[in-house]
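Chain by chain, the residues run as shown.
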Amino acid sequence: RLDFYSPELMLGIELDGETHYVRDAPGYDSRRQQFIESLGIRVLRILNSDVYENLDGVWDAIARAAREQMERVGPEVVRGRRTMRDTAERARRAD
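Residues numbered from 1 in each chain as written. Predicted model: local features only at pLDDT ≥ 70, side-chain atom pairs only at ≥ 80, totals over all residues. Heavy atoms only, no water.

1. With respect to the nonpolar core
Then, number 1: The biggest cluster of nonpolar side chains holds nine residues, and these are Leu-9, Leu-11, Ile-13, Leu-44, Ile-46, Val-58, Ile-62, Ala-65 and Ala-66.
Then, number 2: If you list the elements that add at least two residues to this core, you get β2 (11-16), β3 (42-47) and α3 (55-73).
Then, number 3: The element best represented in this core is α3, accounting for four residues.
Then, number 4: For Leu-11, the contacting residues outside a window of four places in its chain are Phe-4, Tyr-5, Ser-6, Ile-41, Arg-42, Leu-44, Ala-65, Ala-66 and Gln-69. (Core = buried A, V, L, I, M, F, W, Y, C linked by side-chain atoms within 4.5 Å. Buried < 20%, exposed > 50% of the residue type's maximum accessible area, 1.4 Å probe, protein only. Helix = DSSP H or I, 4+ residues; strand = E, 2+ residues; numbered from the N terminus. Contact = heavy atoms within 4.5 Å.)

2. Section: α3
Then, number 1: Between its terminal C-alpha atoms α3 stretches 27 Å, which fits the 27 Å expected from 19 residues at 1.5 Å a residue.
Then, number 2: Where α3 ends, the next residue or the one after it, Gly-74, has phi of about 100 degrees, a positive value. (Expected span 1.5 Å × (residues − 1).)

3. Overview of unusual backbone geometry
Leave glycine aside and you will find that most residues have negative phi; peptide bonds, for their part, are mostly trans.
Then, number 1: With phi around 55 degrees, Met-10 is a residue other than glycine that occupies positive phi space.
Then, number 2: Structurally, Met-10 can be placed in the loop between β1 (4-6) and β2.

4. A word on the sheet that holds β2
Within a sheet, each strand pairs with its neighbour through backbone hydrogen bonds, oriented either parallel or antiparallel.
Then, number 1: Spatially, β1-β2-β3 is the arrangement adopted by the three strands of the open sheet, whose pairing is mixed. Across the chains shown, the open sheet's two edge strands, defined by having one partner strand only, are β1 and β3. Averaged over all adjacent pairs, the angle separating strand axes in this sheet is 15 degrees, with direction ignored.
Then, number 2: Two strands pair when backbone bridges link them, and β2 and β3 are joined in this way by six bridges, in the parallel orientation. (Pairing = 2+ DSSP bridges. Axes fitted to C-alpha atoms, helices over the stretch in contact; angles between N-to-C directions.)

5. Focus on the pattern of salt bridges
Then, number 1: Evaluated as defined, the whole model comprises four salt bridges.
Then, number 2: Residue Asp-29 is joined to Arg-45 by a salt bridge in which the shortest nitrogen-to-oxygen separation is 3.4 Å. Separated by 16 residues along the polypeptide, Asp-29 in helix α1 (residues 25-38) and Arg-45 in strand β3 bring together distant segments of the chain.
Then, number 3: On the basis of relative accessible area, Asp-29 is assigned to the buried category, the value being 10%.
Then, number 4: Linking Glu-68 and Arg-42 is a salt bridge whose minimum nitrogen-to-oxygen distance equals 2.5 Å. Of this pair, Glu-68 sits in helix α3 while Arg-42 sits in strand β3, and the two are 26 residues apart along the sequence.
Then, number 5: Under the relative-accessibility criterion, Arg-42 is labelled partly exposed at 26%. (Salt bridge = Lys/Arg side-chain N within 4 Å of Asp/Glu carboxyl O.)

In structure tokens form, the structure reads like this:
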């Protein structure tokens, strides 16, 4: 499960802490992200340390990703005028 997810924007945010770098975690994370992205969902990865040390930069990265996703999925989705099936189909065509 993603740490945060917007179905309207098809944007997931994953916060990467210490557990993401032990044993098999990097390989698992990579496979998991590939699967999620195969569904047309964009995954934005953010280091936990950036949340604590560079929160303004984190907010900027999230805002930028959200704007890019709004352009990708279309303004109708953000206003709730499309179904999730329409959104997923439009995202697949955009890729």
